Structures are given as C-alpha cells and as structure tokens.
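Below, each chain spelled out in residue letters.
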Amino acid sequence: MASTAKRDHYNAQSLGPPLNRRVKEAKILMVGAGGIGCELLKNLVLSGFGEVHIVDLDTIDLSNLNRQFLFRHEHIKKSKALVAKEAAHKFNPNVKLEAHHANIKDPQFNVDWFKGFTMVFNALDNLDARRHVNKMCLAADVPLIESGTTGFNGQVQVIKKGTTACYDCSPKETPKSFPVCTIRSTPSQPIHCIVWGKSYLLSEIFGASEEEAPELDHSEDSENAKEIEKLRQEAQALKQIKEAMGTEAFPQLLFDKVYKDDIARLRSMEEMWKTRRPPEPVDYASALEKAADAESRKQKILKDGQEIWTLEENVVVFKDSLERLSRRMAEMKATAAEVTAEPVITFDKDDEDTLDFVAASANLRSIVFGIETKSRFDIKQMAGNIIPAIATTNAIVAGLCVLESFKVMDGKYDSTKEIFLSPFAPERLLASDRLRLPNPDCPVCSVAQTRLLVDMSRATLEDLVEKFLRFELGYGEEIVINHGDILLYDVEETDNLSKKLSELGIKGDSFLTVIDEDDENPRVNLVLNVQESYVHVYLPCFLILINRHSTTVDDNPIKSLDITKSTDGDAPTSPIPRKKKAAKPSTDDTMNGSSLKSNGSSVTLSNGNGTAVKRSAADALGDDIPSGKKSKQNTDEQGDDVIVLDDADGAILID
C-alpha cells in the first residue's frame, strides 16, 4: 500500500492534481488482451485509472508467450481476459478490474453499455472487430483510442464523434483476392491451396457459399467465367455429400470427391498440363491403410504445430478434424432448432477445429499438385493474414495510447495527434500529424444517429415508416430502410409494411439505416439503434403526447430516446440535417473588391469588373454561417438587401 500511495503521489506531480483525479475516477474499456493489450493494461493500472474492463474472446496459446508478458506457460488454454486481470491486479490493487471472456459483438455489449465508459481503447488484430467498436463508440458518443501494429510499424489514432475522423473515414486496404481459375484448377503456391481450404472447402461444407468469400475473385472475365460455373456445379455436388455428414462414410465421400474424382477430371484436360506438372489423385482408402502408424500417434501430431505433416499424417488430421466439425454442426443444429437460418462454422485462426481442417486440406491439395507443404503454425499465419508481432513495437504503441488518453481526459482534442511508428523512415522513428477532421462522405460517422425505444410485441415496419419517420421526423416518400445488407423498405418494396419488426429479424441493439432519396434536398443518412422495451406496460410516461392542439394518449410503439419532435407549426420539422452541397468553384480566386448582395432567395456576387453571377443564398454562404461569425441583413441605398458579416477577429471564412 505504501508503494501504491507513493506512485499516486508521483502521478499527481506528473499529471497535476485535477487530471490525476479525473484519471482515478475514469471508467475504461479495453477491447483485446493480446500483444498491445497486455502492455496497455499494465500502463493503465500503473497510471492509476480507477476502473478498467477487459473484453477478449481468445485463449492463451504457446505462440503468445514471447510478447504477451502477462501470461505464463501454465496459462495456456485459459482465457486471456481473465488471466490478464489477475496478473495486472498485482501491479496496482487499488484499480478495479473486470474481465469479460466474450466477443465484443455479443448482444450484452450494446450501445447503452458503451455509454457507461469514459473512454475506450482498441487493442484488436482484425478489421471487422475494429469497425464494430468504432461504430459503437460513435453511437454512444464515447472517445475511442484506436491502435495497431504491423511488424515494426505502428499507429495510434484518437476518434471522437463530430471532432475527428473515425476509423472508416479513410478507405482500408482490400484483402488480396485470387482468381477462381487459379484457386480451383492451377494452384502454384501454398497460399493458393490455403485459400482453397479456407474460403472454398470449409465454407461449402460448414459455412456460407464460396461466393461470399472475399479472397476469391469472382470477376467473370474470359478466364474466370467457365471456372466459376464449374465451381458452382461442384458446389451442388458437395451439397449432396453434406447430407452424409455425421456418418462413417462422410470423410471418404468428401476426400474422394475433392482429391480423387475432381483431380482425375482436371488431368483429363491434356492441354492444361503441357507446360506444367499434372496433379496426382489420392485415394482415401489406400492412404488411410498406410496411415495406421500415424493414427496411433494422432494426439502427438495434433499437439505439434511446428512439424510439417506427411501425406498419411495429413489424412489422419483431415479425418479427425472433419469428425469434430461434424459433431459441432450437429450440436448447433440441435440447439438452434427454432431458428430458420442454417448454422455455420467459419474459419478462426484460434479455433483448433477449423485450423486443423484447413491445414490438412491445404497440405493434401499441395501434395496433389506437387507444391511445398507447410506446418500448421505457418498455415495459421498465412490463413489469418498474420504478420509477426514485435514486443517492442507493442510497448511503444501502448505507451502512446496512454499519453494521448491524458489529452482526451482534459478535453484537449485539438492537441491530440495521429502518430505513426516507422523505424525505417529516413527522418525519425515517430511521425505525428494533426488530427484529421471527419470525412463528410464517411458512411459511418457522417450520419445522424438516434436510439429507438421499441415495443417489439406491437411495432410493425409501417409504424416505423408512417408514425415515426414521416409523422415525427417529417420524411417524405422517397426513403429507403436497410437492416445491414437487407432491404426492408422503399417506395417499390412495401410487402414488409404489415410485418412486425421482430418478424423481420430486428431485435434489441439492431441497427437500421434510413436513406433519404429526395432529389432536391436530401437529409444525411439516419442510423437507428433499436432498444427493446414494452412501452405500454413498463413505461407509461411515454404514453402521453402533449402538443399545442390537444392532450391525447399516444399508442405509437416506437419512440426516439434522443430526438424531440418540433411542435412549431402544423407540418413536422425534422431535426435530421440536410446533406451539404458541394462548394461551387469561384470565377475569381482573389475576390478582390467583391460585394455580396441578396434580394430574397438569390445572391449576386459582383467582382468589381462589371461581372455578376447569381447564386442561391445557401450556395453562396454555405448551409451554416461559420462559427464566430454573425450575419445581419441591412438595406443599401438602392433598396437591395446586403448581407454583412460581423468579423470580430479580422478573418472571413468563405465556403
């Protein structure tokens, strides 16, 4: 306790008592407890942050121990979040730590849950989860500090709704894709076989169709078109084999289909193999007969991920992983009997069942085509798009995250920077840039957002469209409503109007996107975050609607928690802002001697040379008067209205 008191004394001296107090009162969420997460959690507890919640789905693997210093050999197979909590607590027992061994995308981590935090730190290693946390922080209006490392390179970015650019304001690099013809017929590298096992075979048997796989290029050019059609035909054959899943015959049916029959058909295309080695089919029964010794060593083979497996060892792992995945699928179907959607199993580099299946499938295909085989460890790196992490890089980035967090705690966003760690740059190790402003065309942060309180037992899509969007918010006819990638409503798609929202797959914490397609003056996209509630039972205070005409009982099962409808005037007034029009180029860059005249709805720009251009007032001044500038309307000697800008600081901003 004495050392803790001394540390707090030094923290107060370093940060100043006011900031140190805010740090101790802060409630922090850290998503990810891997390479960056271990370093970051240590920094947070030593800095005295009062409460830290840790969310991580992963378990500890042997390969983590070289850089994730909170973990030891005895922790292998245990939850990263739980072990990190116990290890970090020893650094500062005064900090309250909460661990969640769960996926940050789980329903319990909704927008209201995010709202309970002072700040969020991302220490993740995949794009999808990063985008999800970014979206949730924007919806909850909670500051996010995003970080990442790639080998020796690293980056730290502060994200605040409406103040800085968000994670999706700039386009992200598209994952590399491979032509279907190469993956299906003419693989020449180990990665081609790995993509085939991960994005084709695993997906066709246990997941979604290969058409949804981002790593397969489905552009139907002259080379790809025929291969795509053949791939679809093979998919139909695989669907028939799937019916035997769970039986003793299933492994042989699948193996002989992809490694014997399909290969024999490929060999029959003699023109294809005039300049390259033809593939060699493999028979399941013959290979399994030779694999008796490998079968007896199965557990040892599965535990050693660094060794490169022989043909027989790959057959044993293929059979064993296929049986494990088949049992999982049967259990998923049994527990999800009432759900209409077919359960799926997708690849995860930390899921041993899927990793074993992809590793064995890829190696068997490599053997068939005479390509170098890889160890399971190498295949995990390649299939998971993993770049080896550097412990020092993680430590530097974690330290930068906490330094930027102090600025956020002080509300000094203008002092925050986007920092890049580039050790091979000629100038310096750390390069920083001013925070970027939000991208006005960003599909994630340039939208308006509100939470909806919805009585799921009654609310229909028609209630949402007519009673809320049109009556409450004043939307016109031309709107589109999407639930993810699913179109729920537009002018021509009205079949769903009578259906309850629950029947359309909408539940608590779902996100709906409303797009205004008005041709003249559309509003920005509106994102609705659904919060489930039985309004008429539990929230009677919402049943009373007071307007200037009357006091009535409102039976609308949908309410906004963030937007209050204006009652000034008979027509509803929407608080959702209009899209800003693109600035029109000026005919005179210098604008020397220019004057600005307005007569009602139009504005005349005069450049002093006798040239006049008429534009609308909105186009001339922009949608908003710049902050700090007041506008007033005077009358000149000719009776025309002249717009004057009161400029207190000597600067005039031109949109």
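Residues numbered from 1 in each chain as written. Predicted model: local features only at pLDDT ≥ 70, side-chain atom pairs only at ≥ 80, totals over all residues. Heavy atoms only, no water.

Going by an unreviewed UniProt entry, the protein chain carries the name Ubiquitin-activating enzyme E1-like and comes from Cadophora malorum. Quoted verbatim from the Sequence similarities (unreviewed entry) heading of the UniProt record, the comment on the protein chain is "Belongs to the ubiquitin-activating E1 family." Its UniProt record gives the protein chain a comment under Subcellular location (unreviewed entry), which states: "Nucleus". (UniProt positions renumbered as here; feature names shortened; annotations may be inferred.)

A. Representation of the sheet that holds strand S14 (residues 511–516). Read across the sheet, six strands follow the order S13-S12-S14-S15-S11-S18 without closing on themselves; strand pairing throughout is mixed. Pairing within the sheet leaves two strands with one partner each, and these edge strands are strand S13 (486–489) and strand S18 (558–560). If you compare each strand with its neighbour and ignore which way they point, the axes differ by 30° on average. Where strand S11 (residues 448–454) lies against S18, three bridges are found, and the strand directions are antiparallel. The partner of Leu452 across the bridge, within S18, is Ser560. (Pairing = 2+ DSSP bridges. Helix = DSSP H or I, 4+ residues; strand = E, 2+ residues; numbered from the N terminus. Axes fitted to C-alpha atoms, helices over the stretch in contact; angles between N-to-C directions.)

B. Representation of the UniProt feature "binding site: Zn(2+)" (unreviewed entry) in the protein chain. As recorded in UniProt, the sites labelled "binding site: Zn(2+)" (unreviewed entry) are Cys166, Cys169, Cys442 and Cys445. Considering the C-alpha atoms alone, the annotated residues occupy 280 residues of sequence yet fold into one spot, their largest mutual distance being 8.5 Å. On the secondary structure map, Cys166 appears in the loop between strand S6 (153–159) and strand S7 (178–179). Residue classification places Cys166 among the buried residues on the basis of a relative accessible area of 0%. Setting aside residues up to four positions removed in sequence, Cys166 forms contacts with Asn134, Leu138, Gln157, Ile159, Cys442, Val444 and Cys445. Within the secondary structure layout, Cys445 lies in the loop between strand S10 (430–434) and S11. Apart from the residues lying within four places of it in its own chain, the contact partners of Cys445 are Leu138, Cys166, Cys169 and Pro438. (Buried < 20%, exposed > 50% of the residue type's maximum accessible area, 1.4 Å probe, protein only. Contact = heavy atoms within 4.5 Å.)

C. Region of interest: the packing of helix H8 (residues 190–206) against helix H16 (residues 376–383). Interaxial distance between H8 and H16 falls to 10 Å at its minimum, and their mutual angle equals 75°. With respect to H16, the axis of H8 lies roughly perpendicular. Facing H8, whose interface residues are Pro190, Ile191, Ile194 and Lys198, H16 presents Ile379, Met382 and Ala383. Among the residues making up the contact of H8 with H16, the classes are represented as six nonpolar, no polar and one charged. (Parallel < 35°, antiparallel > 145°, perpendicular 65-115°, else oblique. Nonpolar A, V, L, I, M, F, W, Y, C, P; charged D, E, K, R; others polar.)

D. Main features of the sheet that holds strand S2 (residues 51–55). Read from one edge to the other, the open sheet built from eight strands follows the order S3-S2-S1-S4-S5-S6-S9-S10, with strand pairing classed as mixed. Lying at the two open borders of the sheet, with one neighbouring strand each, are strand S3 (96–100) and S10. Strand-to-strand twist in this sheet, taken as the mean axis angle between neighbours without regard to direction, amounts to 15°. Here S2 pairs with S3 via five bridges, running parallel. Paired with Glu51 across the bridge in S3 is Lys96.

E. Quick look at the nonpolar core. Counting residues in hydrophobic clusters, the biggest one holds 54 residues, and the most contacted among them are Leu201, Ile205, Phe206, Leu254, Phe255, Tyr259 and Phe318. The leading source of residues in this core is H8, at ten residues. Leu70, Phe71, Ala88 and Leu97 belong to the second largest nonpolar core, which has 43 residues in total. (Core = buried A, V, L, I, M, F, W, Y, C linked by side-chain atoms within 4.5 Å.)

F. Geometry of the pairing of S14. Alignment of strand S12 (residues 479–483) against S14, held across four bridges, turns out to be antiparallel. Bridge pairing links Ile481 to Val514 in S14. Where S14 meets strand S15 (residues 526–532), four bridges bridge the pair, whose relative direction is antiparallel. Counterpart to Val514 in the pairing with S15 is Leu526.

G. Molecular detail of the environment of Asp56. For Asp56, the position within the fold is in the loop between S2 and helix H4 (80–89). If sequence neighbours within four positions are ignored, Asp56 has contacts with Gly32, Ala33, Gly34, Lys80, Ala81, His100, His101 and Ala102.

H. Seen up close, the pairing of strand S5 (residues 144–150). By the criterion of burial, S5 is predominantly enclosed, with five of the seven residues buried. In the sheet, strand S4 (residues 119–122) pairs with S5 via three bridges, with the strands oriented parallel. Residue Val120 lies in a different strand from S5, and its bridge partner there is Leu144. Where the polypeptide runs from S4 across helix H6 (residues 127–140) and back to S5, its parallel neighbour, the crossover connection is right-handed. (Right-handed = clockwise from strand over helix to strand, strands pointing away.)

I. Representation of the pattern of salt bridges in the model. On inspection of all chains with the given rule, the structure shows 38 salt bridges. Where Lys298 meets Asp320, a salt bridge forms, and the shortest distance between an N and an O atom there is 3.1 Å. Highlighted residues: Lys298 in helix H13 (residues 298–303) and Asp320 in helix H14 (residues 311–335), separated in sequence by 22 residues. Taking the relative accessible area as the measure of exposure, Lys298 reaches 19% and is therefore buried. Where salt bridges share partners, they join Glu295, Lys298, Asp320, Arg324, Arg328, Asp351, Asp353, Asp356 and Arg376 into one cluster. (Salt bridge = Lys/Arg side-chain N within 4 Å of Asp/Glu carboxyl O.)

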